[in-house]
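Descriptive structure summary
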Amino acid sequence: MTTAIFHYHLFKNAGTSLDASFKENFSGDEWVTNEFPAQPAKNRDLARQWISENPQALCFSSHTAFLPPPNIEGRKLLPVIFVRHPIDRIASAYSFEKKQGGDGFGSVLARNTDIKGYCESRLALGYDRQCKNFHVDRFSDMFPPAFDSELERALKALDVLPFVGLVEEFDASLQKLETWLQSEGFSDIAIAPKEQNVSRDNKVSLDDKLAALEAEMGADMYARLLEVNADDMTLYEAVKAQYVE
């Protein structure tokens, strides 16, 4: 049985920083990354195929792979995923997409509107989850839709996933992650905090960032974001409770 890490690299959840640490612990093609289509069945089939075709890999990373981790004979996969304050994550996503260039929908939208317009446009698209319960959408994939509501499935996923980190407690999360991975056979792994792909000022407190964001987009838009991300806030608070007494 070969053990490998599967990093579910959620957009703007410190995943680039974490991958930088992983890369320092694995050489060559022991760390691999890939992306998958949004169709659930095809997504999971291709992810399973990818893992099977890379027996040398000890760490897999993907922005788009769906939970649950693939069941591969002879391989034990350790899922790693982080959660971030949902409103702060939206602001970070906007800032990143505004700067990154390219002709993707989010990037073009961000370059041509302010953050209020960015959120309004994305919320107007019923299928777009970038600004609406983003984390719950991804966590709920752990169980079939027939099992309870989206939020209940996400909270159930939180209960069964062996590791969920919190961006706002990044150092403590890495310490917890390192201890767990060492207990799972990665005895020499050392995950030092790194800052990669940072779009906003990390030295500003979360409360100050949220207050500035509310002032920038207006109280009505901010209240709407809180409303449509109520499930995400519930999940966030549940993860936060694991790190903050």
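See above for the structure.
Residues numbered from 1 in each chain as written. Predicted model: local features only at pLDDT ≥ 70, side-chain atom pairs only at ≥ 80, totals over all residues. Heavy atoms only, no water.

Within the protein chain, the regular secondary structure consists of eleven helices and five strands. Radius of gyration (C-alpha) of the protein chain: 18 Å, near the 18 Å computed for a compact globule of 245 residues. If one aligns the C-alpha atoms of the protein chain with their principal axes, the spans along those axes are about 55 × 40 × 40 Å. Excluding contacts between residues fewer than 6 apart, the proportion of contacts in the protein chain whose partners are at least 24 apart in sequence is 70%. Looking at the protein chain as shown, the accessible area adds up to about 11700 Å², and 49% of this sits on carbon and sulfur atoms. Side-chain charges in the protein chain split into 26 positive and 38 negative, and the spacing between the mean points of these groups amounts to 4 Å. (Helix = DSSP H or I, 4+ residues; strand = E, 2+ residues; numbered from the N terminus. Rg over C-alpha atoms; globule rule 2.2 N^0.38 Å. Contact = heavy atoms within 4.5 Å. Areas by Shrake-Rupley, 256 points an atom, 1.4 Å probe, with all protein chains shown as cover. Lys, Arg positive; Asp, Glu negative; His and termini not counted. Charge placed at Lys NZ, Arg CZ, Asp CG, Glu CD.)

Moving on, we get to the packing of helix H5 (residues 115-124) against helix H9 (residues 206-217). Here H5 crosses H9 at 80 degrees, and the two axes come no closer than 8 Å. By the criterion of interaxial angle, the relationship of H5 to H9 is roughly perpendicular. Only Leu 213, Glu 216 and Met 217 of H9 make contact with H5, whose side of the interface consists of Ile 115, Lys 116 and Cys 119. The residue makeup of the contact of H5 with H9, split by class, is four nonpolar, no polar and two charged. (Axes fitted to C-alpha atoms, helices over the stretch in contact; angles between N-to-C directions. Parallel < 35°, antiparallel > 145°, perpendicular 65-115°, else oblique. Nonpolar A, V, L, I, M, F, W, Y, C, P; charged D, E, K, R; others polar.)

Moving on, we get to empty space enclosed by the protein. Empty space among the atoms can be located by rolling a probe the size of a water molecule over them. Taken as a whole, this structure holds one cavity of 30 Å³ or more when the rule is applied. Estimates place the volume of the largest cavity at around 30 Å³. Forming the boundary of the largest cavity are His 7, Tyr 8, His 9, Leu 10, Asn 13, Ala 14, Gly 15 and Phe 82. Class assignment for the residues of the lining of the largest cavity results in four nonpolar, four polar and no charged. (1 Å grid on protein atoms, 1.4 Å probe; cavity = no way out; pocket = protein on both sides within 12 Å on 5 of 7 lines; lining within 4 Å. Points joined across faces, edges and corners; volume = space filled by probe spheres on them.)

What follows concerns the environment of Tyr 118. Within the secondary structure layout, Tyr 118 lies in helix H5. Look at Tyr 118 and you get buried, because its relative accessible area is 0%. In this view, Tyr 118 contacts Ala 93, Tyr 94, Glu 97, Gly 106, Leu 109, Ala 110, Thr 113, Gln 130 and Cys 131; residues no more than four positions away in its chain are not counted. (Buried < 20%, exposed > 50% of the residue type's maximum accessible area, 1.4 Å probe, protein only.)

Alternating residues of strand E3 (residues 59-62) divide into Cys 59 and Ser 61 and Phe 60 and Ser 62, and every residue in both groups is buried. Sheet topology places strand E1 (residues 2-8) next to E3; four bridges connect them, and they run parallel. Opposite Phe 6, over in E3, you have Phe 60 as the bridge partner. Two strands pair when backbone bridges link them, and strand E2 (residues 31-33) and E3 are joined in this way by three bridges, in the parallel orientation. Residue Thr 33 lies in a different strand from E3, and its bridge partner there is Ser 61. Note on the crossover from E2 through helix H2 (residues 40-52) to E3: the handedness is right-handed. (Pairing = 2+ DSSP bridges. Right-handed = clockwise from strand over helix to strand, strands pointing away.)

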